Amino acid sequence: MEQTETVGDLELSLGYVLKQVHASLRTAMDEALRPLDLTVPQYACLELLGQHPGLSNSELARRAFVTRQSMNLVLRRLQERGLLTRPDHSPHGRALPTKLTQDGQTTLREASIAVRSAEKQLFSPLSQEQQRRLREDLATCVASSSTDY
């Protein structure tokens, strides 16, 4: 027999609580990044490039969970600020490998510290062990998902 269970009480829905945590973290990140004149997608781009120099627009967009068009605007704004460089022409194919400038690395460090502080504050009610377990449990869910991140 087909099961037709509904979501039911939202306060008991894991998905709803995850969305609330996401919204809380996003708000905290927005506040932490505002003094650095960065948006969350701009920060994500800097962090990704800091850890993986040379990523293409498409790869950055996929890993930052934005469209390629949105990432192109993010990259353009960061390049205008002198935080990253992209060649005018691709050395291979169509992808333009992007790298942080010295100012980009400095801004990334400041932003990363601010974001980590916001994250630590949000998860401070949980012990280190609870945080580790939550991270592992959520990573298990992502790994079993059909979506490739």
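Numbering of residues starts from 1 in each chain and follows the order in which that chain's sequence is written. Where totals are concerned, whole chains, interfaces and linings use all residues; where local detail is concerned, this predicted model gives features only for residues with pLDDT of at least 70, and gives and counts side-chain atom pairs only at 80 or more. Note that water and hydrogens are dropped before the side-chain values are worked out from all heavy atoms of the structure.

- You'll find the protein chain entered in an unreviewed UniProt entry as DNA-binding MarR family transcriptional regulator, with Lipingzhangella halophila given as the organism.

1. Let's talk about the environment of Asn57
Here is step 1 of the chain: Only DSSP runs of H or I with at least four residues qualify as helices, and only runs of E with at least two residues qualify as strands; both kinds are numbered from the N terminus onward. Mapped onto the elements, Asn57 comes out in helix α3 (residues 57–64).
Here is step 2 of the chain: It is 27 Å that separates the C-alpha atoms of Asn57 and Glu119, two residues lying 62 residues apart in sequence.
Here is step 3 of the chain: With sequence-adjacent residues up to four places away left out, Asn57 is seen in contact with Arg68, Met71, Asn72 and Leu75.
Here is step 4 of the chain: Polar contacts, as used here, are pairs of N or O atoms within 3.5 Å; protein pairs need one atom able to donate a hydrogen and one able to accept it. Residues neighboring in sequence count only if both atoms are side-chain atoms. A distance of 3.4 Å separates a polar side-chain atom of Asn57 from the backbone oxygen of Arg68. What makes two residues a contact is simply this: any of their non-hydrogen atoms within 4.5 Å.

2. Describing the nonpolar core
Here is step 1 of the chain: Core analysis: the largest hydrophobic core is formed by 26 residues, its most contacted members being Leu38, Cys45, Leu60, Met71 and Leu78.
Here is step 2 of the chain: Counting only elements with at least two residues in this core, the list comes to α1 (14–33), α2 (40–51), α3, α4 (68–80) and α5 (102–123).
Here is step 3 of the chain: Residue contributions to this core peak at seven residues, all from α2. Take the buried residues of types Ala, Val, Leu, Ile, Met, Phe, Trp, Tyr and Cys, join any two whose side-chain atoms come within 4.5 Å, and each joined set is a nonpolar core. Partly exposed describes any residue whose relative accessible area lies between the buried limit of under 20% and the exposed limit of over 50%, with all areas from a 1.4 Å probe on protein chains only and scaled to the type maximum.

3. Description of a nonpolar patch on the surface
Here is step 1 of the chain: Each patch is built from residues lacking any salt bridge and having more than 30% relative accessible area; the joining distance is 9 Å for like charges and 5 Å for nonpolar side chains (Val, Leu, Ile, Met, Phe, Trp, Tyr). Under the convention used here, a 1.4 Å probe and the Shrake-Rupley method define accessible areas, while residue burial counts only the protein chains that appear. Throughout this description, the term salt bridge denotes a Lys or Arg side-chain nitrogen within 4 Å of a carboxyl oxygen of Asp or Glu. A cluster of nonpolar side chains, contributed by Leu18, Leu126, Leu134 and Leu138, occupies part of the molecular surface with about 280 Å² of accessible area.
Here is step 2 of the chain: For Leu18, the position within the fold is in helix α1.
Here is step 3 of the chain: According to the relative accessible area criterion, Leu18 is partly exposed, its value standing at 44%.

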